[in-house]
Every structure is written in C-alpha cells, then in structure tokens.
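# Summary of the model geometry
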Amino acid sequence: METFEVEMRHDRQSLTALSHMQYDLFCQRNRMARGFLSLLLIVIAIFYGGGSWWSLLIIAYACYLTTSTYAASNRTARRIADQLEQAGQPLPASRYIFEKNKMRIIDLNSGEELEPMAYGDVFGLGEDRDALYLFRSQYGGYRVPKEALGERQDAFRRFIQNKTGKLFIRRLTPLNRVRSWLHARESEPTHL
C-alpha cells in the first residue's frame, strides 16, 4: 500500500495562501455579491451620475469592491501570525502521514499527535500553483506543498481524490462546479 508523508512549516505567505484558498472554496456568495454590487454601482454612476463628483466616488468604491477580494482573508492570516509572534509561539509546523483510512497529523512544535482525520471527513479539496489543500471544515484546513511531494504529486492527487470521493478544485467557478457535480455523479453507486 502506498503511503505519503509530508512536513509543512508555515510562514506568513503560506498562511495567506491557505486563507485565500479557504475564501475561494467557501465564500462564493460573498464573491458573487461583491461582483454584482460593483457592477450595479458602476451602472448607477454612469447612467445617473453624468460625470458628477459623486458618480466618480461610486465608481471608485465599485473598483475597490472588485480589487479587494482577499482583504478579509489577508487580515485574518496577518492577525494569526501577529498573535503567535506576540505570544512568542512559532508558526504552525506539522507532519502529515497519509495512511490507508486516515490522515495523521503530528504537531512538530510540541511533538504531540493531533486527532487524525478520516478521509470521509474531508470537507473540501483545493489546489493552487504551489500547494494542495485538504479542509476539515470551511473554517480550517491543511496545506500540502507540492514541492514536498516531488514527482509523486499526481499519485498523491489520485490517492486523496479516490479516498475522499472529491476533486481538487482550483476555484469554484461555474465550470469547476459543473465538473465537480459530474465527478460526484460518476462516483455514485449504480441504482436498481
């Protein structure tokens, strides 16, 4: 049986990347609402503002809504890192051991083994250019750097997707939602 073992030592950038992925996967309503409100404000400013000072102000705010997508997740990651530094604590560091039925997590800072996560309990999977993400819930997850997997990235991806029945999603765009839905339909048992 194939097993995988990965060490992950967080820094500020990895905490921010984890926070961004969390937002991408689980805050789509917020993203859509921001986009809709931004578009609505621009239309109002153009058709009713007539180039007045307040229409320019509304357009500026609409642009801010569009470009500040990750402002809250950046603030959260920064706050976590700052709190740990102020308390004299190191940033999280873990060893992940992916076994047949579960993922074991060992805190490298304390040496303590945390509660394992069964693959059936994985809430969602994400992927960006540098890492793969496994989320225990919409509020917390684990980052697996691709470089730590080396040439075994594809094997790891297949292993986790087979064990969880979920796909690694880059972002829940409408196309990725359809792809995920189709995958779920394909993996359902045949009904009589």
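Definitions and cut-offs
Residues numbered from 1 in each chain as written. Predicted model: local features only at pLDDT ≥ 70, side-chain atom pairs only at ≥ 80, totals over all residues. Heavy atoms only, no water. Helix = DSSP H or I, 4+ residues; strand = E, 2+ residues; numbered from the N terminus. Buried < 20%, exposed > 50% of the residue type's maximum accessible area, 1.4 Å probe, protein only. Areas by Shrake-Rupley, 256 points an atom, 1.4 Å probe, with all protein chains shown as cover. 1 Å grid on protein atoms, 1.4 Å probe; cavity = no way out; pocket = protein on both sides within 12 Å on 5 of 7 lines; lining within 4 Å. Points joined across faces, edges and corners; volume = space filled by probe spheres on them. Nonpolar A, V, L, I, M, F, W, Y, C, P; charged D, E, K, R; others polar. Pairing = 2+ DSSP bridges. pLDDT = per-residue confidence, 0-100. Axes fitted to C-alpha atoms, helices over the stretch in contact; angles between N-to-C directions. Parallel < 35°, antiparallel > 145°, perpendicular 65-115°, else oblique. Left-handed = near helix turned anticlockwise from the far one by under 90°. Contact = heavy atoms within 4.5 Å. Salt bridge = Lys/Arg side-chain N within 4 Å of Asp/Glu carboxyl O.

### Quick word on the overall build of the chain
- Within the chain, the regular secondary structure consists of seven helices and eight strands.
- Per-residue burial for the chain yields a buried fraction of 35% across its 192 residues.
- Counting every atom, the chain has about 12100 Å² of accessible surface; 55% of that belongs to carbon and sulfur.

### Comments concerning the layout of surface pockets
- Estimates place the volume of the largest pocket at around 420 Å³.
- Lining the largest pocket are 22 residues, and of these H10, L15, L18, P92 and G141 lie nearest its centre.
- Those elements that provide at least two residues to the lining of the largest pocket are α1 (12–26), α4 (71–86), β2 (93–98), β3 (102–107) and β7 (140–145).
- Of the residues that constitute the lining of the largest pocket, the class distribution is 13 nonpolar, eight polar and one charged.

### Looking at the pairing of β2
- For β2, a buried count of five out of six residues is recorded, marking the element as mostly surrounded by other parts of the structure.
- In this sheet, β2 lies alongside strand β1 (residues 4–9) in antiparallel orientation, the contact comprising six bridges. Looking across to β2, one finds that E7 is bridged to R95.
- Pairing analysis gives five bridges linking β2 to β3, with the strands arranged antiparallel. Bridged to F98 within β3 is M103.

### Section: the confidence of the model for the chain
- Here the chain averages 88 in pLDDT, while 89% of its residues score no lower than 70.
- Of all secondary-structure elements in the chain, the lowest mean pLDDT belongs to helix α7 (residues 174–187), at 61, while β2 reaches the highest, 96.

### Focus on the packing of helix α2 (residues 28–49) against helix α3 (residues 53–67)
- Viewed as axis vectors pointing N to C, α2 and α3 meet at an angle of 165°, and their least axial separation amounts to 9 Å. Viewed along their axes, α2 and α3 adopt a mutual orientation that is roughly antiparallel. Between α2 and α3 the crossing geometry is left-handed. Touching R34, L37, S38, L41, I42, A45, Y48 and G49 of α2 are W54, S55, I58, I59, Y61, A62, C63, Y64, L65 and T66, all from α3.
- Considering only residue class, the contact of α2 with α3 consists of 13 nonpolar, four polar and one charged.

### Points about the pattern of salt bridges
- Summed over the entire model, instances satisfying the criterion amount to 13 salt bridges.
- For D82, the salt bridge identified is with R12, shortest N-O distance 2.6 Å. Taken together, the residues span a long stretch of sequence, with D82 in helix α4 and R12 in helix α1 at a distance of 70 residues.
- Here D154 ties to R157 by a salt bridge, and the two come within 2.9 Å at their closest N and O atoms. In this pair, D154 and R157 are both assigned in helix α6 (residues 153–164), three residues apart and thus about one turn of the helix distant.
- It is possible to trace a salt-bridge network through shared partners that takes in E127, K146, D154, R157 and R170.

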